[in-house]
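Structural description and commentary
The chain contents come next:
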Amino acid sequence: MVSVDRKTIIVFSGDLDKAMAAFTIATGALAMGCQVTMFFTFWGLNILRKPEKVSVKKGFVERLLGFVMPRGPGRLGISKMNYGGLGARMMRKVMKDKNVQSLPELMETARSLGVDIIACTTSMDVMGITKEELIDGIGYAGVATYLAEADRSGLNLFIG
Amino acid sequence: MVSVDRKTIIVFSGDLDKAMAAFTIATGALAMGCQVTMFFTFWGLNILRKPEKVSVKKGFVERLLGFVMPRGPGRLGISKMNYGGLGARMMRKVMKDKNVQSLPELMETARSLGVDIIACTTSMDVMGITKEELIDGIGYAGVATYLAEADRSGLNLFIG
Amino acid sequence: MVSVDRKTIIVFSGDLDKAMAAFTIATGALAMGCQVTMFFTFWGLNILRKPEKVSVKKGFVERLLGFVMPRGPGRLGISKMNYGGLGARMMRKVMKDKNVQSLPELMETARSLGVDIIACTTSMDVMGITKEELIDGIGYAGVATYLAEADRSGLNLFIG
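What counts, and at which threshold
Residues numbered from 1 in each chain as written. Chains lettered and ligands numbered in written order. Predicted model: local features only at pLDDT ≥ 70, side-chain atom pairs only at ≥ 80, totals over all residues. Heavy atoms only, no water. Least-squares fit on C-alpha atoms with pLDDT ≥ 70 in both. Pairing = 2+ DSSP bridges. Helix = DSSP H or I, 4+ residues; strand = E, 2+ residues; numbered from the N terminus. Axes fitted to C-alpha atoms, helices over the stretch in contact; angles between N-to-C directions. Contact = heavy atoms within 4.5 Å. Buried < 20%, exposed > 50% of the residue type's maximum accessible area, 1.4 Å probe, protein only. Arc of directions from axis to C-beta. Patch = residues over 30% accessible without salt bridge, like charges linked within 9 Å, V, L, I, M, F, W, Y side chains within 5 Å. Areas by Shrake-Rupley, 256 points an atom, 1.4 Å probe, with all protein chains shown as cover. Salt bridge = Lys/Arg side-chain N within 4 Å of Asp/Glu carboxyl O. Buried area = accessible area lost by both parts, 1.4 Å probe. Right-handed = clockwise from strand over helix to strand, strands pointing away. Phe/Tyr/Trp six-rings, centres within 6.5 Å; stacked < 30°, edge-to-face > 60°. Lys NZ or Arg CZ within 6 Å of the ring centre and 35° of its normal. Parallel < 35°, antiparallel > 145°, perpendicular 65-115°, else oblique. Nonpolar A, V, L, I, M, F, W, Y, C, P; charged D, E, K, R; others polar. Lys, Arg positive; Asp, Glu negative; His and termini not counted. Polar contact = N/O pair within 3.5 Å; in protein donor to acceptor, adjacent residues only side chain to side chain. Left-handed = near helix turned anticlockwise from the far one by under 90°.

As for the relation of the copies chain A and chain C
- Between chain A and chain C, which share one sequence, the superposing operator has a rotation angle of 120° and an axial displacement of 0.0 Å; the RMSD is 0.0 Å. Classification of the inter-copy transformation places it as that of a three-fold axis.

Have a look at this one:
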């Protein structure tokens, strides 16, 4: 049965601004008592990376990808006018000055409210990202799990 | 109660091509008698900016952002192959030659058909955009209003 | 009547990674017995282009656009870190090494499972793309057809 109290969000993007939008919607829905499942796929997996370097055996391409892609919410760029990270830094400063919750804070709030975070295993394979590199307490699944959850949810967004 | 006669569209993008897609879907639905609510957030707020300069007291970063971001639908770039605005100009020319409604015309049509336009207040804060800079006759709200409307709507899209 | 066994996906993006996401969700849903309708609009039309050059009478701008835009799934770039096609080539290599289905294979699977592919006629006009340039066995329609199908579907995503 479809329920308006369930929502899913696919987070395909790994940009700070789009991640902010995803977690703002998620925390809003969680605060209203909904169950929210967020599926992180492709670039979105970077949002779930641990900020510290994790030593994992990998091939050359995977190692290179892991090196150039940002580790965690504190290092994401923005989708427009990033100018090599300057735009993202300015955005973080403005948000701090205006007392808007930062992305790490939004993620913490979402987790404390019981958000269900799932990393897409197929994307992890393609991006060469391993479980050891992602934050703890998350789930791992593929498209079938997403579709089953979406079938029960009243709101399903793709943030790409 | 969910109704197929209600639709919501989050317009996160401020690109001409994506704004065209958003307003094409919106006007199509409005013409079929649906009620459509469009939430403009982040870069999407630029679509709602008045084309003329508006004098508002702001800090340095907000002033800079306001200067580099486009004012209104007539100045937006496209998401790919923009080449400093050349791509957007070519797209506008092709649309005119083919008698496809321009974005300002689509917006006018949507408004005459009763679209509900809402600017996201949290994003306005982050982007340093004030009410004086946005077009008249729109609403202002946050994520809770979006979620309440989405819960009643049969179609909810995120255009990012 | 809305049915969870029907899904629609708007494919606005013409990027390899986003097209992969769209077809992964589509084939997953088709494999579970759902009816899936995919609407290709703007840059997404490039995914449907035949790989070979097709001789069609066009104006200068349309000819130029047709030349610079990729022809079919084998030539698409990725949305981030494409580096003039290098990123896309690396992604294709990694997917092959890991035995992940390539985009042409995913598309073939989707079609064998009965996906309904529709090209947006308004976008075709704007992008200067003709029916002769697109793959066979697809449908052509506008926003009204999309909205009618979305009204019957339990899952509606916009991949932009």
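Okay, back to it.
What about the sheet that holds strand β1 (residues 3-11) of chain A?
Residues and elements named next belong to chain A.
- Strand order in this open sheet of 5 strands is β4-β3-β2-β1-β5, and the pairing throughout is parallel. Edge positions in the sheet fall to β4 (139-141) and β5 (153-159), since each of these pairs with one other strand and no more. Across this sheet, the average inter-strand angle for adjacent strands is 25°, counted without regard to direction.
- Inspection of the sheet shows strand β2 (residues 35-40) paired to strand β3 (residues 116-120) by 4 bridges, in the parallel sense. Bridge pairing in β3 links F40 to A119.
- Sheet strands in contact with helix α1 (residues 16-31) are β1, β2, β3 and β5, and its direction is about 160° off that of β2.

Brief notes about helix α4 (residues 103-112) of chain C
Residue and element names in this part refer to chain C.
- The set of residues buried in α4 consists of L103, L106, M107 and A110. Each buried residue of α4 sits inside an arc of 100° when the element is viewed along its axis, so together they form one side. Opposite the buried face of α4, by more than 90 degrees, sit the exposed residues E108 and S112.
- Next to the buried residues of α4 lie α1 (16-31) and α3 (86-97).
- Of the residues trailing α4, G114 is marked for its positive phi of about 90°.

Looking at a nonpolar patch on the surface
- Residues F60, L64, F67 and V68 of chain A make up a contiguous nonpolar surface patch of about 450 Å² in total accessible area.
- For F60 of chain A, the position within the fold is in helix α2 (residues 60-68).

Concerning the interface of chain B and chain A
- Between chain B and chain A, the residue contacts involve 26 residues of the former and 28 residues of the latter.
- For the pair chain B and chain A, the summed buried area comes to about 2,200 Å², and 74% of that belongs to carbon and sulfur atoms.
- Looking at the side of chain B facing chain A, the largest losses of area belong to W43, L147 and F158 of chain B, adding up to 26% of the total buried there.
- Our count for the contact surface shared by chain B and chain A stands at 3 salt bridges.

Let's talk about the relation of the copies chain B and chain A
- The two copies are related by a screw operation: chain B maps onto chain A through 120° of rotation and 0.0 Å of translation along the axis, at an RMSD of 0.0 Å.
- A share of only 19% of the interface residues of chain B reappears at the interface of chain A, consistent with the copies meeting through non-equivalent patches.

Focus: the pairing of β1 of chain A
Residue and element names in this part refer to chain A.
- For β1 and β5, the ladder comprises 6 bridges, and the chain directions are parallel. Opposite K7, over in β5, you have L155 as the bridge partner.
- Both β1 and β2 contribute to a ladder of 6 bridges, which runs parallel. The partner of T8 across the bridge, within β2, is T37.
- Following the backbone out of β1, through α1 and into the adjacent parallel β2, one traces a crossover that is right-handed.

Side note on the pattern of salt bridges
- Across all of its chains, the model carries 21 salt bridges over all chains by this definition.
- Notably, a salt bridge pairs D97 of chain A with K93 of chain A, separated by 2.6 Å at the nearest N-O pair. With D97 of chain A and K93 of chain A both in helix α3 (residues 86-97) and 4 residues apart, the pair spans about one turn of that helix.
- The exposure class assigned to D97 of chain A is exposed, which follows from its relative accessible area of 52%.
- Given a relative accessible area of 47%, K93 of chain A falls into the partly exposed group.
- Residue R152 of chain C pairs with E149 of chain C through a salt bridge whose shortest N-O separation is 2.9 Å.

What to know about the packing of aromatic side chains
- What the rule picks out here adds up to 12 aromatic pairs over all chains.
- The interplanar angle of 35° and the centroid separation of 5.7 Å between the aromatic rings of F12 of chain C and F158 of chain C together place this pair among those described as tilted. Placement of the pair is F12 of chain C in the loop between β1 (3-11) and α1 and F158 of chain C in strand β5 (residues 153-159), with a sequence separation of 146 residues.
- Look at F12 of chain C and you get buried, because its relative accessible area is 1%.
- Taken together through their ring pairs, the aromatic side chains of F12, F42 and F158 of chain A make up a single cluster.
- A cation over a ring is seen here: K131 of chain B above Y140 of chain B, with NZ or CZ 4.5 Å from the ring centre.

Re the packing of α1 of chain C against α3 of chain C
Residue and element names in this part refer to chain C.
- Interhelical geometry of α1 versus α3 gives an angle of 40° and a closest axis separation of 11 Å. By the angle class used here, α1 and α3 are oblique. Packed against α1, whose contacting residues are L16, D17 and M20, the element α3 presents A88, M91, R92 and M95 at the interface.
- Partitioned by chemical class, the residues of the contact of α1 with α3 number 5 nonpolar, no polar and 2 charged.

Quick notes on the side chain of R49 of chain C
Residues and elements named next belong to chain C.
- For R49, the location among the structural elements is in the loop between β2 (35-40) and α2 (60-68).
- One buried charged residue, R49, forms no salt bridge at all, with the nearest opposite charge on E133 at 4.0 Å.
- A polar contact of 3.3 Å, which involves the side chain of R49, links it to the backbone oxygen of P70.
- Sequence-distant contacts of R49, that is, excluding residues within four places in its chain, are made with G66, M69, P70, R71, G72, P73, I129, E133, L134 and I135.

Description of the packing of α1 of chain C against α4 of chain C
All names here are of chain C.
- For the pair α1 and α4, the least separation of the axes is 9 Å and the interaxial angle reads 30°. In terms of orientation, α1 lies roughly parallel with respect to α4. The element α1 and its partner α4 pack so that their crossing is left-handed. Between α1, through L16, A19, M20, F23, T24, T27 and L30, and α4, the contact on the second element is made entirely by L103, L106, M107, T109 and A110.

A word on the interface of chain A and chain C
- In this complex, chain A contributes 26 residues to the contact, which on the side of chain C involves 28 residues.
- Roughly 2,200 Å² of surface becomes buried between chain A and chain C when both sides are summed, with 75% attributable to carbon and sulfur atoms.
- Of all residues in chain A, W43, L147 and F158 of chain A give up the largest surface area on contact with chain C, accounting jointly for 26% of the area buried on that side.
- Our enumeration of links across chain A and chain C arrives at 3 salt bridges.
- With a shortest N-O distance of 2.9 Å, D15 of chain A and K80 of chain C are connected by a salt bridge.
- Remark: the boundary between chain A and chain C carries 5 residue pairs in polar contact (both at pLDDT 80 or more).

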